[in-house]
Amino acid sequence: MQNNYDFLIIGQGLAGSILAWELSQRGCRILIVDNAVTSASQVAAGLINPITGMRLVKNQDIDFLLPAAKSYYQNLSRFFKHPLLIEKPMLRIIGNETEYQYCLKRLNDTSYQPYIENYTSPPDKDFLAPFGILKQKQTGFLQTKPLLADLQQYFVQSNSYIKTQFNFPDITLYEQKVNWQDIEVQKIIFCEGYQGQTNPWFSWLPFQPVKGEILTLACPRKLPDYLLNYGFWLIPTDEHTFRTGATFDRERINTEATQSAKNTLINALNKAAPTIPTEQVINHQAHIRPATLDKQPFLGCHPKYPQLCIFNGFGAKGSLQIPWHAQRFADFLMADQPLPETANIKRYTSRGHGCGFYTSC
Ligand SMILES: Cc1cc2nc3c(=O)[nH]c(=O)nc-3n(C[C@H](O)[C@H](O)[C@H](O)COP(=O)(O)OP(=O)(O)OC[C@H]3O[C@@H](n4cnc5c(N)ncnc54)[C@H](O)[C@@H]3O)c2cc1C
């Protein structure tokens, strides 16, 4: 282990891992510090879905986020020699008349064509779908947990990973650099997930964490080979196992799995797809999405201490958003390229009140 690095990255969730990979591929000397507590990334379903919500809205940045994510995960799949991005069509059960009207609108909109296969009446009695089904394409899921394990092993082998808790008083700030314990780095990049909201240098950013719960179930009958969306989603992870989720709870921000969320998920699935058995729950997990007030990520460096930076706030869409943003953040750190305005934390420091409004700046 050396005692001099370009970047110290705090957190080995999906954000820290992909950013560390990107920077190391560009020749930077990086060191990751992670406390190895179960992360949101390890619980997440990894779903990638270009069209979401009751109004079936296309993600406004999908046309560049999706190609970047796909090619990133395909390259990682080749490097680690197993598939990490599983592409499968998604059947979206149209829930009511309003959704049906939006569905018709999207079917007639050419900009939605790359993401929509067709609209049909339910194929058989497997679904309760009186308003029909929209078949989406370019959907799938990231095998996040195996990817994080691959990357962790890679970073351990390249002496770039330390398993420990990062404590803020261990930092000493200098003019052009920063020390963590006896290690000297140019910049520290915080990728702490929802725990970023208690970071003393960045707690002024408006995080809005959202708890989510997910079930994993065994299914005696062979599962269909597509993703299902009925407000919640079903992802077959193999022929006889599937995951279903995820709940959204902005009130109770903790990682406790609850009976009420389990009931909600099971009842919703029973209603949408009554022929899929739900008796055998084999795992029930809860974690916290690092969501933000304006639903955009937090990228940038502290206005007063530019040695301290943040790469966080990917909310419910980390799998889709992180690769493209990691590339832009690396461009910013290494080539002084401007950050995307929507993600730049300057949107909060340049609005008059700025971080000076908050005590911790
Ligand atoms: C139930 C659920 C379902 C989800 N489903 C999806 C989905 O289908 N698709 C999708 O794209 N996204 C989904 N997400 C969101 C996804 O999890 C996030 O967008 C993404 O994983 C965030 O990654 P992150 O690295 O920012 O945070 P995290 O994964 O939380 O990683 C942060 C890491 O930093 C570490 N850390 C924090 N503080 C310290 C410290 N002081 N010292 C050392 N280590 C520290 C933590 O232990 C952790 O390992 C879901 C989230 C949840 C909770």
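Residues numbered from 1 in each chain as written. Predicted model: local features only at pLDDT ≥ 70, side-chain atom pairs only at ≥ 80, totals over all residues.

Asks: Looking at this structure, I do not really get the sheet that holds strand S18 (residues 241-245). What am I missing?
Replies: The 8 strands lie next to each other as S8-S9-S7-S16-S17-S18-S15-S19, forming an open sheet whose pairing is mixed. Because the sheet does not close on itself, it has two edges, and the strands there are strand S8 (116-120) and strand S19 (280-289). Pairwise comparison of adjacent strand axes, ignoring direction, gives a mean angle of 20° for this sheet. Direction of pairing for strand S7 (residues 90-93) relative to strand S9 (residues 133-136): antiparallel, over a ladder of 4 bridges. (Pairing = 2+ DSSP bridges. Helix = DSSP H or I, 4+ residues; strand = E, 2+ residues; numbered from the N terminus. Axes fitted to C-alpha atoms, helices over the stretch in contact; angles between N-to-C directions.)

Asks: Explain the site of the ligand here, please?
Replies: Near the ligand there are 41 residues, and of these Gly-11, Gly-13, Gly-193, Gly-212 and Gly-318 occur at the shortest range. If you list the elements that add at least two residues to the shell around the ligand, you get helix H1 (14-25), strand S2 (30-34), helix H2 (40-43), strand S15 (210-218), S19 and helix H7 (318-335). Taken together, the residues of the shell around the ligand sort by class into 19 nonpolar, 18 polar and 4 charged. When residues are assigned to domains, the shell around the ligand turns out to be shared by domain 1 (4-43 + 145-206 + 294-357) and domain 2 (210-289), each giving three or more. (Near = placed C-beta within 6 Å. Nonpolar A, V, L, I, M, F, W, Y, C, P; charged D, E, K, R; others polar. Domains from an automatic or database assignment.)

Asks: What is the right way to look at the sheet that holds strand S6 (residues 85-87) in this model?
Replies: As summarised here, the arrangement of the 3 strands in space is S3-S10-S6, forming an open sheet in which the pairing is antiparallel. Unpaired on one side and paired on the other, strand S3 (47-48) and S6 mark the two borders of the sheet. Here S3 runs beside strand S10 (residues 140-142); their pairing, made up of 2 bridges, is antiparallel. When the sheet's bridge partners are listed, Ile-48 is paired in S10 with Gly-140.

Asks: Help me understand the packing of H1 against helix H5 (residues 144-157) in this model?
Replies: A pair of packed helices is characterised by two quantities: the angle between their axes and the separation of those axes. Direction vectors running N to C along H1 and H5 enclose 45°, while the axes themselves pass 10 Å from each other. As far as their axial angle goes, H5 and H1 are oblique. Crossing of H1 against H5: the hand is left-handed. Taking contact as the criterion, the partners of Leu-14, Ser-17, Ala-20 and Trp-21 in H1 are, on H5, Thr-144, Leu-148, Leu-151 and Phe-155. Of the residues belonging to the contact of H1 with H5, the class tally is 6 nonpolar, 2 polar and no charged. (Parallel < 35°, antiparallel > 145°, perpendicular 65-115°, else oblique. Left-handed = near helix turned anticlockwise from the far one by under 90°. Contact = placed C-beta atoms within 7 Å.)

Asks: Would you explain the nonpolar core in this entry?
Replies: In summary, soluble globular proteins display a tendency toward joint burial of nonpolar side chains. If you look at the biggest cluster of nonpolar residues, it comprises 98 residues, and the most contacted ones within it are Leu-8, Ile-9, Leu-19, Ile-188, Ile-189 and Phe-311. Two domains each put at least three residues into this core: domain 1 (4-43 + 145-206 + 294-357) and domain 2 (210-289). Once you skip the residues sitting within four places of it in the chain, Leu-19 turns out to touch Ile-9, Ile-189, Cys-191, Phe-311, Ala-326 and Phe-329. (Core = buried A, V, L, I, M, F, W, Y, C linked by C-beta atoms within 7 Å. Buried ≥ 20, exposed ≤ 12 C-beta atoms within 10 Å, placed from the backbone.)

Asks: What's the story with the domain arrangement of the protein chain in this structure? I'm lost.
Replies: Reports of interface size often rely on the accessible area that becomes lost once the parts have come together. Considered domain by domain, the protein chain is made up of domain 1 (4-43 + 145-206 + 294-357) and domain 2 (210-289). Summarising the inter-unit geometry, the C-alpha centres of domain 1 and domain 2 are found 31 Å apart. Counting from both sides, the interface comprises 5 residues of domain 1 and, opposite them, 5 residues of domain 2. Residues of the side of domain 1 that touches domain 2, tallied by class, amount to 4 nonpolar, 1 polar and no charged.

Asks: Got a minute to help me understand the pairing of strand S20 (residues 298-301) in this structure?
Replies: Residues in a regular strand point their side chains to alternate faces of the sheet. Residues Phe-298 and Gly-300 line one face of S20 and the alternating positions Leu-299 and Cys-301 line the opposite face, and both faces are buried. The sheet contact formed by S20 and strand S21 (residues 308-312) spans 4 bridges and is antiparallel. Among the inter-strand pairings, Gly-300 is bridged to a residue of S21, identified as Ile-310. Connecting S20 to the next strand, S21, in antiparallel fashion are 6 residues.

Asks: Looking at this structure, I do not really get the environment of Ser-111. What am I missing?
Replies: In this fold, Ser-111 is placed in the loop between helix H4 (97-107) and S8. With 61 residues separating them in the primary sequence, Ser-111 and Thr-172 have C-alpha atoms 51 Å apart.

Asks: Looking at this structure, I do not really get the packing of helix H3 (residues 62-80) against H7. What am I missing?
Replies: Viewed as axis vectors pointing N to C, H3 and H7 meet at an angle of 85°, and their least axial separation amounts to 8 Å. Considered as vectors, H3 and H7 are oriented roughly perpendicular to each other. Mapping the contact onto sequence places Phe-64, Leu-65, Leu-66, Ala-68, Ala-69 and Tyr-72 in H3 and Ser-319, Leu-320, Gln-321, Pro-323, Trp-324 and Gln-327 in H7. When grouped by side-chain class, the residues that make up the contact of H3 with H7 number 9 nonpolar, 3 polar and no charged.

Asks: Explain the environment of Gly-95 to me, please; I cannot follow it from the model alone.
Replies: Here Gly-95 is to be found in the loop between S7 and H4. The exposure class assigned to Gly-95 is partly exposed, which follows from the 17 C-beta atoms found within 10 Å. Expressed as a C-alpha distance, the spacing of Gly-95 and Gly-231, which sit 136 residues apart in the sequence, is 8.1 Å. Excluding residues within four positions of it along the chain, Gly-95 makes contact with Phe-131 and Gly-231.

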